[in-house]
Amino acid sequence: MTGPHALSRAEPLLLVALGGFVGAIMRHAISVAAPGLGAVDGAVVGTLLVNVVGSFALGVLLYEAHLADALSAETRLVVGTGFLSSFTTYSTFAVQTSGLPPMLAVGNVAANYALAFLGVVLGRLVARWVS
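The rules we used
- Residues numbered from 1 in each chain as written.
- Predicted model: local features only at pLDDT ≥ 70, side-chain atom pairs only at ≥ 80, totals over all residues.
- Heavy atoms only, no water.
- Helix = DSSP H or I, 4+ residues; strand = E, 2+ residues; numbered from the N terminus.
- Buried < 20%, exposed > 50% of the residue type's maximum accessible area, 1.4 Å probe, protein only.
- Contact = heavy atoms within 4.5 Å.
- Lys, Arg positive; Asp, Glu negative; His and termini not counted.
- Charge placed at Lys NZ, Arg CZ, Asp CG, Glu CD.
- Expected span 1.5 Å × (residues − 1).

Engineer: Now, about the overall build of the protein: what can you tell me, with residues and values included?
Structural biologist: Each helix and strand in the protein was counted, giving 5 helices and 0 strands. The linear arrangement of helices and strands in the protein, starting from the amino end, is α-α-α-α-α. Dimensions along the principal axes, computed over C-alpha positions, put the protein at roughly 55 × 40 × 20 Å. Sorting the 131 residues of the protein into buried and exposed places 28% on the buried side. When contacts within the protein are restricted to residue pairs at least 6 apart in sequence, long-range pairs at least 24 apart make up 69% of them. In the protein, the 5 positive side-chain charges and the 5 negative ones have mean positions that sit 7 Å from each other.

Listed below in structure tokens is the structure:
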């Protein structure tokens with residue numbers, strides 16, 4: 001298929017790819033730059049940080065759409081589906097957690113789930129407050 005119809009079908013994929021590219025690079029940069037905390041290396045701390053920040057941002061984005069609907073569908077594709085899905089990472093969190101000593105693994109699971117959930121809730125509150 002060629003022509004304008006093919007381009008319109010490819011546009012969402014390109015938007016997701018662009019956001020995903022930037023999100024993956026940002027996640028890697030944060031993991032490399034994050035300081036270690038005692039027996040926990042910087043990569044684990046970086047993954048926790050991106051999961052919490054990404055969950056907050058997704059909370060803002062989703063509730064902004066529900067409350068104000070000021071962002072375009074294209075922006076939501078780039079930021080939500082593209083950037084934030086590559087910026088946050090469940091698989092890396094799972095692999096890193098499996099390599100931790102049992103007590104640290106439990107703490108990492110609790111921190112990722114509790115803080116990411118809190119991030120979504122705070123994002124929702126910010127979106128309500130701003131709109």
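Engineer: I'd like to hear about helix α3 (residues 73-87), residue by residue, with values.
Structural biologist: Between its first and last C-alpha atoms α3 spans 19 Å; for 15 residues at 1.5 Å apiece the expected length is 21 Å, and the two agree. Those residues of α3 not exposed but buried are G80, G82, L84, S86 and F87.

Engineer: Just give me the short version of the side chain of N112, but keep the residues and values in it.
Structural biologist: With respect to the secondary-structure elements, N112 resides in helix α5 (residues 102-130). By relative accessible area, which is 5% here, N112 ends up buried. When near neighbours in sequence (up to four residues on either side) are disregarded, N112 contacts T47, L48, N51 and F93.

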